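Residue-level structure breakdown
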Amino acid sequence: VDNIQEEYEKINQVINSKLEKETYDIKIQDDGNRKLQEFSDQLQPAVYEALAHNRYVWLEEEIAEKSAENQLNYRIFVDEKHLYLQLEDGSKYIYKIFNRDTESLTAG
């Protein structure tokens, strides 16, 4: 997809309207390769540091630098509930959606 955040929100709205108060999980199917998986694994500490400290501009800079070194494309999106990460290598892709700790956003 072009924008995982938009697509996730569309899917979530449709499911939420049908299931109302029932709980559910949305599973995203990747079509990655080894290079993307290794890159995603390398980014994991930076992603969790950014989530812990709300440092999303810093994270975007880190991912931009590292993806350029690895000749990969990326997109990062952040909203009040999630951090969305799109990694692409030609026609291969990995999408990651991380929950944000909204309690830390409202505290201090």
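Overview of the structure. Values in this document were obtained by computation on a predicted structure and should not be read as measured data. (Residues numbered from 1 in each chain as written. Predicted model: local features only at pLDDT ≥ 70, side-chain atom pairs only at ≥ 80, totals over all residues. Heavy atoms only, no water.)

The 3 strands lie next to each other as 1-2-3, forming an open sheet whose pairing is antiparallel. Two strands close off the open sheet at either side, each with one partner strand: strand 1 (73-78) and strand 3 (92-99). Each strand of the sheet is rotated relative to its neighbour by a mean of 10°, with strand direction disregarded. Relative to strand 2 (residues 82-89), strand 1 runs antiparallel, the two sharing 6 bridges. Residue pairing across strands places Val 78 opposite Leu 83, the latter belonging to strand 2. Across the face of the sheet, helix 1 (residues 4-19) comes into contact with strand 1, strand 2 and strand 3 while running at roughly 125° to strand 2. (Pairing = 2+ DSSP bridges. Helix = DSSP H or I, 4+ residues; strand = E, 2+ residues; numbered from the N terminus. Axes fitted to C-alpha atoms, helices over the stretch in contact; angles between N-to-C directions. Contact = heavy atoms within 4.5 Å.)

By size, the foremost hydrophobic cluster in this structure holds 17 residues, and its most contacted members are Leu 43, Val 47, Leu 59 and Leu 83. For this core, the elements supplying multiple residues, two or more each, are helix 2 (34-53), helix 3 (56-69), strand 2 and strand 3. Per-element accounting of this core gives the leading share, 7 residues, to helix 2. For Leu 83, the residues in contact, after removing those within four places along its chain, are Val 47, Leu 51, Tyr 56, Leu 59, Ile 76, Phe 77, Val 78, Lys 96, Ile 97, Phe 98 and Arg 100. (Core = buried A, V, L, I, M, F, W, Y, C linked by side-chain atoms within 4.5 Å. Buried < 20%, exposed > 50% of the residue type's maximum accessible area, 1.4 Å probe, protein only.)

This brings us to helix 2. Taking 1.5 Å of rise per residue, the 20 residues of helix 2 would be expected to cover 28 Å, and the 29 Å separating its terminal C-alpha atoms lies within 8% of that figure. At Gln 44, helix 2 shows its strongest bend, of approximately 40°, with the proline Pro 45 following within four residues. Taken together, the buried positions of helix 2 are Leu 36, Phe 39, Ser 40, Leu 43, Ala 46, Val 47, Ala 50 and Leu 51. In this structure, the buried side of helix 2 is in contact with helix 3, strand 2 and strand 3. The N-cap of helix 2, judged by a side-chain oxygen 3.3 Å from the amide nitrogen of Lys 35 a few residues on, is Asn 33. In the stretch just after helix 2, Asn 54 is the one whose phi turns positive, near 55°. (Expected span 1.5 Å × (residues − 1). Bend = angle between axes of the 7 residues up to and from the residue. Polar contact = N/O pair within 3.5 Å; in protein donor to acceptor, adjacent residues only side chain to side chain.)

Moving on, we come to the layout of surface pockets. Empty space among the atoms becomes visible once a probe the size of a water molecule is rolled across them. What the largest pocket holds in volume is close to 320 Å³. Around the largest pocket, the lining is made up of 13 residues, and of these Tyr 8, Asn 12, His 82, Ile 97 and Asn 99 lie nearest the centre. Put simply, the parts of the chain that give the lining of the largest pocket at least two residues each are helix 1, strand 2 and strand 3. If you tally residues by element for the lining of the largest pocket, the top one is helix 1, at 3 residues. In the lining of the largest pocket, the residues fall into 5 nonpolar, 3 polar and 5 charged. (1 Å grid on protein atoms, 1.4 Å probe; cavity = no way out; pocket = protein on both sides within 12 Å on 5 of 7 lines; lining within 4 Å. Points joined across faces, edges and corners; volume = space filled by probe spheres on them. Nonpolar A, V, L, I, M, F, W, Y, C, P; charged D, E, K, R; others polar.)

This part takes up the environment of Asp 101. Tracing the backbone through its elements, the reader meets Asp 101 in the loop between strand 3 and helix 4 (102-106). Classification of Asp 101 as partly exposed rests on a relative accessible area of 46%. Taking the C-alpha atoms as reference points, Asp 101 and Asn 54, separated by 47 residues in sequence, lie 9.5 Å from one another.

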